[in-house]
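# A closer look at the structure
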Amino acid sequence: MKTAIVYYSKHHGNTKRLVDAIARLGDITLIDASSGGRTDLSAYDLIGFASGTYGFQLHTSVLEFAEEHLPRGKRVFVVYTYGAKRPKTDALVRIFRAKAAQLLGTFGCPGFCTFGPFRLIGGIAKGRPSEQDITEAVTFFNELIARCAEKT
Ligand SMILES: Cc1cc2nc3c(=O)[nH]c(=O)nc-3n(C[C@H](O)[C@H](O)[C@H](O)COP(=O)(O)O)c2cc1C
């Protein structure tokens, strides 16, 4: 199953730690949504969108990438981290619907945050994602791939 993950992870690299662990499972292409790199996703069977939470949402670069470059009819999944509260994913889900994408699953966990006043108290969600979080992200992806294999 040819897989790509489009990600944005700038605050502490929290989301990237999850994405990297998933990518170690196989030949998975990682695309930084903010770097202006590869944009042709037509060759991929499965496409993940991964991001930290920025202002209650997934990062706009990931939403814009999906809007502009997600081909129609793909299988997709979502991975996110957040400091205090899970992000709203409605905007991304709307894009998926408009592009007839099949959302196979979503995984989220807390990620260390030192944004604004949280820096004064040494940050929140310290030590996250933890090893346990990373293991759960990998399990999430393995189960998702297994479900894909059943359906094909
Ligand atoms: C500018 C900014 C805005 C953020 N907004 C939120 C938010 O609205 N809700 C939340 O729970 N966490 C928020 N966070 C915390 C991040 O989502 C969290 O630390 C995440 O793990 C960062 O992912 P990254 O290291 O992969 O970029 C914010 C962090 C920054 C720097």
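Heads up: the structure comes first, above all this text.
Residues numbered from 1 in each chain as written. Predicted model: local features only at pLDDT ≥ 70, side-chain atom pairs only at ≥ 80, totals over all residues. Heavy atoms only, no water.

With that settled, the discussion passes to the side chain of Thr 81. Structurally, the position occupied by Thr 81 is in strand S6 (residues 75-82). Here Thr 81 falls in the buried class, since its relative accessible area comes to 3%. Among the polar contacts listed, one links the side chain of Thr 81 to the side chain of Thr 15, at a separation of 2.9 Å. Residues contacting Thr 81, with those up to four places away along its chain left out, are Asn 14, Thr 15, Leu 18, Ser 51, Gly 52, Thr 53, Cys 109, Pro 110 and Gly 111. (Helix = DSSP H or I, 4+ residues; strand = E, 2+ residues; numbered from the N terminus. Buried < 20%, exposed > 50% of the residue type's maximum accessible area, 1.4 Å probe, protein only. Polar contact = N/O pair within 3.5 Å; in protein donor to acceptor, adjacent residues only side chain to side chain. Contact = heavy atoms within 4.5 Å.)

A few words on the site of the ligand. With respect to spatial proximity, 21 residues lie near the ligand, and among them Ser 9, Thr 15, Thr 53, Tyr 54 and Thr 81 are the closest. In the model, an oxygen atom of the ligand is placed 2.9 Å from a nitrogen or oxygen of the Asn 14 side chain. In the environment of the ligand, an oxygen atom lies 2.7 Å from a nitrogen or oxygen atom belonging to the backbone of Phe 56. Taken by itself the ligand offers 640 Å² of open surface, and the protein chains cover 88% of this. Those elements that place two or more of their residues in the shell around the ligand are helix H1 (14-23), strand S4 (53-54) and S6. (Near = heavy atom within 4 Å. Areas by Shrake-Rupley, 256 points an atom, 1.4 Å probe, with all protein chains shown as cover.)

Below, the discussion takes up the packing of H1 against helix H4 (residues 131-151). When two helices pack together, you describe them by how their axes are tilted relative to each other and by the distance separating the axes. In contact at an axis separation of 9 Å, H1 and H4 are set at 50° when each is read in the N-to-C sense. Classified by the interaxial angle, the pair formed by H1 and H4 is oblique. For H1 against H4, the interelement crossing comes out right-handed. Across from Arg 17, Leu 18, Ala 21 and Ile 22 in H1, the residues of H4 making contact are Glu 131, Asp 133, Ile 134, Ala 137, Val 138 and Phe 141. (Axes fitted to C-alpha atoms, helices over the stretch in contact; angles between N-to-C directions. Parallel < 35°, antiparallel > 145°, perpendicular 65-115°, else oblique. Left-handed = near helix turned anticlockwise from the far one by under 90°.)

Inspection of the entire model under this criterion finds 6 aromatic pairs. Judged by centre distance (5.8 Å) and plane angle (35°), the rings of Phe 107 and Phe 140 are tilted. Linking Phe 107 in strand S7 (residues 102-110) with Phe 140 in helix H4, this pair joins segments that are 33 residues apart in sequence. In this structure Phe 107 comes out as buried when scored by relative accessible area, which is 9%. According to the relative accessible area criterion, Phe 140 is buried, its value standing at 13%. Ring-pair connections join several aromatic residues into one group, and the members of that group are Phe 77, Phe 107, Phe 140 and Phe 141. (Phe/Tyr/Trp six-rings, centres within 6.5 Å; stacked < 30°, edge-to-face > 60°.)

Purely geometric stuff here, so don't read any function into it on its own.
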